[in-house]
Amino acid sequence: MNFVIPSFTPAIPEIVLLTLTSLLLVADTMWSKRYEFATYYATQVILVIVGALILTSFTTETVTTFDGSFVRDAFADILKLAIVVISLGLFLFSKEYLLQAKFYRGEYFTLGLFSVLGMFVMVSAHNLITLYLGLEIMSLAIYTMVAMRKDHSAALEAALKYFVLGALATGMLLYGFSMLYGATGQVAFDAMAAVIDAGEVDHVVLSFAVVFIVIGLAFKLGAVPFHMWVPDVYHGAPTAVTLFIGTAPKIAAFAILYRLLAEALPGAVMDWQPLLVILSVLSLLVGALVPIVQNNLKRLLAYSGIGHIGFLMLGLIAANPDGYASAMVYTLIYAFMGLAAFGLITVLARTGHEFDRVDDFKGMNQRNPWLALMMLFVMFSMAGIPPFIGFYAKVVVIEEVVQAGFVWLAVLAVVSAVISAFYYLRVVKVMYFDAPQDTMKVEPVARHLTWAISLVAVALLVFGLFPSWVIDLGYHSLS
Amino acid sequence: MVFGLPILSTLIWLPILAGLLILFAGRERPTFAKWFALLVSVVTFLISLPLWVQFDASTAAMQFVEKTPWIDQFNIHYHLGVDGLSMPLVLLTTFTQVLVIASAWDVIKERVEQYMGAFMVMQGMMIGVFTALDSILFYVFWEALLIPMFIIIGKWGGKDRVYATLKFFLYTFFGSVFMLVGFLYMYFQSGSFGILDFHLLPLGELAQILIFLAFLIAFAVKIPMVPVHTWLPDAHVQAPTAGSVVLAAIMLKMGGYGFVRFSLPITPDASMMLDWLVIILSLIAIFYIGLVAMVQKDMKKLVAYSSISHMGFVTLGMFLVYGIVANTGEAQGAALGMQGAMVQMVSHGFISGAMFLMIGVLYDRMHTREISAYGGVVNTMPWFGFFAVLFAMANAGLPGTSGFVGEFMVILASFKANVWYGVVAAATLVIGAAYTLWMVKRVFFGPVANEQVGKLADLNKREFAIMGILAFAVVLLGVYPAPLIEVMDVSVANLLIQATTSKL
């Protein structure tokens, strides 16, 4: 048996990220007393370095390494860049929040970086084992982040719930993986697809595997009926952590959904497509109706996020490269809108006041007209009203699902969009039409945060006027 | 081209950019906000005049066309152009805008810059709706409009403004999403989002019916037609005066415009099969809503219902085509109804705008719109009384005013299609006269009702100018409508050919 040294080049960003994060973990214990924000700045620098590494070595070719367990292609690079950009933003928004809430710790950032590493591995996974490895790196880091606020019972409850249900989901997924391996005798995605294509697979075992895998993924994504943890975790977690959970991990979750269903199991499309239809329909309904009665903005956004997952799945239901591309566009735009929405809540939080109830935004137009306008941008974008970018996200997935022949699903989706418009409008309503409860001026503690959040929110409008670029990101890398 | 810039893009983007500038720079500077908004509105109106002057009325082709790729992946273009159907509506928009800005001059005290900014942005988008030749571009403008209007009604409106504005938004949004699905389906069939490509796209019977119904929901909500009209009285009553004017004078026209730009040419066979549906709904609107208007106690509500009734003539005129062709065998005979509908749209823009401005004048002084709170206003406000009677006559369709021309043409055409349509429509002229004149009688004539009315001051110069300009427009169009009809003549003929050529 001869041993060939694998090529490390495709994985350099991950290797650099791992090395620097490990170093930072050690350094943090030493310098955190002396230099207060050193870990924060180091985190941002590491992200910039990793982003630059990906950007400079960007390739449209598909390269696999480590015996076919790791893949680098345009899809992976674009998603990783998006994860880096979003993480830069969310760490920026989190810092002041953590200080205000008095639990600023270096571990938040190092755990965050490990979680980013996990997402990278998920995005580049090319066999079942790598995928599982990445998923666990990401999830374990996030469980800890949710529990970081030890004195806060809601956060601890959320962490426990997240952990237990997350473990259950992982169990489902692993069970599915083992059956898949049993049925095909392969772990690598392309080999698996080839075996299934050749028709040498016991279909019953394969179907069961698909069911378990889809359930596991649905748990991770928070699709109905596996969504119970989402509102509690979003609500209970400190806002900075909610910001984290609600954005970048969605991209990674979409990536494994794509890798598993579209790359490994295209031959089982008849098995997973109906499952996705059910999940999508239920998610759309819950995401449209339940937020109407929510008074906590984090909970509202959590439920509305479930609806967005329903939309995202529409693209996958189309089950062709264009459909996957539209789902990718949706994911990127949704993660970015999540950054804007949760980012705004995060930067507005004060010591002892979370600013996460819908009522907190009452009279925002009088207290801070500029930030009210930014929130208006975010809400209308999420509602899918042009000219904001959220509109195009919905248009591309609905277009693909119409092309795939599911016109009824498209009609259902637009009806759910109309219903959801109501609760987004409600937020705008309290900001613009209601009298403020207290006249205290609302402003982020630090001036630069206003600029940063405005940049993100205005981008929703600018990309909405010139959406070509965002749409091309998805379509050029997948179809 | 004006100053080397394409004219339609200038008309869209100049107000939008000016609106944004007012929004950001006008804070704490209400005077600047007002003057700048007025200046830009006047400039926009002047820029729009070459559309009329340089318009070539001998062709139905699109003019002043601009086309650049916008979203390559889906073959979506930034494609603008006007023909005889849309050009008058663009001018109506730029014209109304000047009056709208002027009408709010002393009235709006709170957040003037947001108010003016919202109206300016909205103007650009409305022109975008009338000039877009790509369905996605059209949809973007169509939907984006809701955002400023939502804020305007909700922020500067009356007591129940929040309910009214949410209802307005959700109704309209609900209507339009089905249109979007229709667009996406047609893109899937034709590979293009171009409206002119849709006109040429062959569609099967079922597809046409479904698309027709999707369009019908979208446009019926906007016009509005019975039974989806209920948002309009609420929105009108709660909206500030200028908001009501824009709603009635321009936004309602978008529904009518939608029928001639989308429904009739894209789904001619379905339009023919289902024309009875639209005609019945129109007749109900004309007749029944006219009766509803009669019993209103609130002036604004009365005019709102009267708007629905008058817009019924528009939809009636448009869908008479098939009945007339069936009776007389030629498409050109139907031109009368279609032209009547188009003239009625423009005329209603002037008249309803004037009516709402009139109520605004009274409301600014008395802070009530109850008819019973007034009486004998003409004694204290003679000039105002003069204009009020003129506009009321126009609303009732008196010959010599613009209200007569459109309705008369539609009624003539409806006799050609089916005598009973004509009878019902003509009978409504009586009802229209009844509710309008009865309101005028109760508000303006008789003895001075109370002390407050006794202290009313007549129109100031600004109000006089606004009323005077509108009165001029109403009479001019009533006495000499020929130029307007000539401009749209060829386009209407072309539309009739499209609407009567089967796609099956």
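The coordinates are above.
Residues numbered from 1 in each chain as written. Chains lettered and ligands numbered in written order. Predicted model: local features only at pLDDT ≥ 70, side-chain atom pairs only at ≥ 80, totals over all residues. Heavy atoms only, no water.

A. Molecular detail of the pairing of strand β1 (residues 63–71) of chain B. All names here are of chain B. In the sheet, β1 pairs with strand β2 (residues 76–82) via six bridges, with the strands oriented antiparallel. Along β2, the bridge assignment pairs Gln 63 with Val 82. Where β1 hands over to β2, the hairpin turn is made up of four residues, of which Asn 75 adopts a positive phi near 55°. (Pairing = 2+ DSSP bridges. Helix = DSSP H or I, 4+ residues; strand = E, 2+ residues; numbered from the N terminus.)

B. The packing of aromatic side chains, seen in detail. Residue and element names in this part refer to chain B. The final tally for this structure, using the stated rule, is 66 aromatic pairs over all chains. Relative to Phe 178, the ring of Phe 174 lies with its centre 5.2 Å away and its plane at 80°, an arrangement referred to as edge-to-face. Here the residue Phe 174 and the residue Phe 178 both occupy positions in helix α7 (residues 161–190), the gap between them amounting to four residues, near one helical turn. Residue class for Phe 174 comes out partly exposed when judged on its relative accessible area of 36%. Its relative accessible area of 14% is what places Phe 178 among the buried residues. Arranged with centres 5.4 Å apart and planes meeting at 40°, the rings of Phe 183 and Phe 262 form a pair that is tilted. Taken as a pair, Phe 183 in helix α7 and Phe 262 in helix α11 (residues 241–266) lie far apart in primary sequence, 79 residues in all. (Phe/Tyr/Trp six-rings, centres within 6.5 Å; stacked < 30°, edge-to-face > 60°. Buried < 20%, exposed > 50% of the residue type's maximum accessible area, 1.4 Å probe, protein only.)

C. Structural detail: unusual backbone geometry. Residue Pro 386 of chain A is joined to Pro 387 of chain A through a cis peptide bond whose omega torsion reads 5°. If you trace the backbone, Pro 387 of chain A turns up in the loop between α16 (369–383) and α17 (389–403). In the segment running from Ile 223 of chain B into Pro 224 of chain B, the intervening peptide bond is cis, with an omega of -15°. Note on placement: Pro 224 of chain B falls in the loop between α9 (205–222) and α10 (231–238). Phi is positive for Asp 67 of chain A, which is not a glycine, with a value near 60°. Locating Asp 67 of chain A in the fold gives a position in the loop between β1 (63–65) and β2 (70–72). Residue Phe 355 of chain A is not a glycine yet carries a positive backbone phi of 55°. The topology assignment puts Phe 355 of chain A in the loop between α14 (321–348) and α15 (364–367). According to the relative accessible area criterion, Phe 355 of chain A is buried, its value standing at 3%.

D. Up close: the interface of chain A and chain B. Tallying the contact residues gives 43 residues for chain A and 36 residues for chain B. When chain A packs against chain B, the two sides together hide about 3,500 Å² of surface, and 81% of this comes from carbon and sulfur. Across the contact surface, chain A and chain B share zero salt bridges. Linking chain A to chain B there are five residue pairs in polar contact (both at pLDDT 80 or more). When contributions to the side of chain A that touches chain B are tallied by element, the ones reaching two or more residues are α15, α16, α17, α18 (407–432), α19 (447–465) and α20 (468–478) of chain A. Considering every element that reaches the side of chain A that touches chain B, the biggest residue donor is α18 of chain A, with twelve residues. (Contact = heavy atoms within 4.5 Å. Buried area = accessible area lost by both parts, 1.4 Å probe. Salt bridge = Lys/Arg side-chain N within 4 Å of Asp/Glu carboxyl O. Polar contact = N/O pair within 3.5 Å; in protein donor to acceptor, adjacent residues only side chain to side chain.)

Everything listed here is a matter of coordinates, which is why it stays silent on function.
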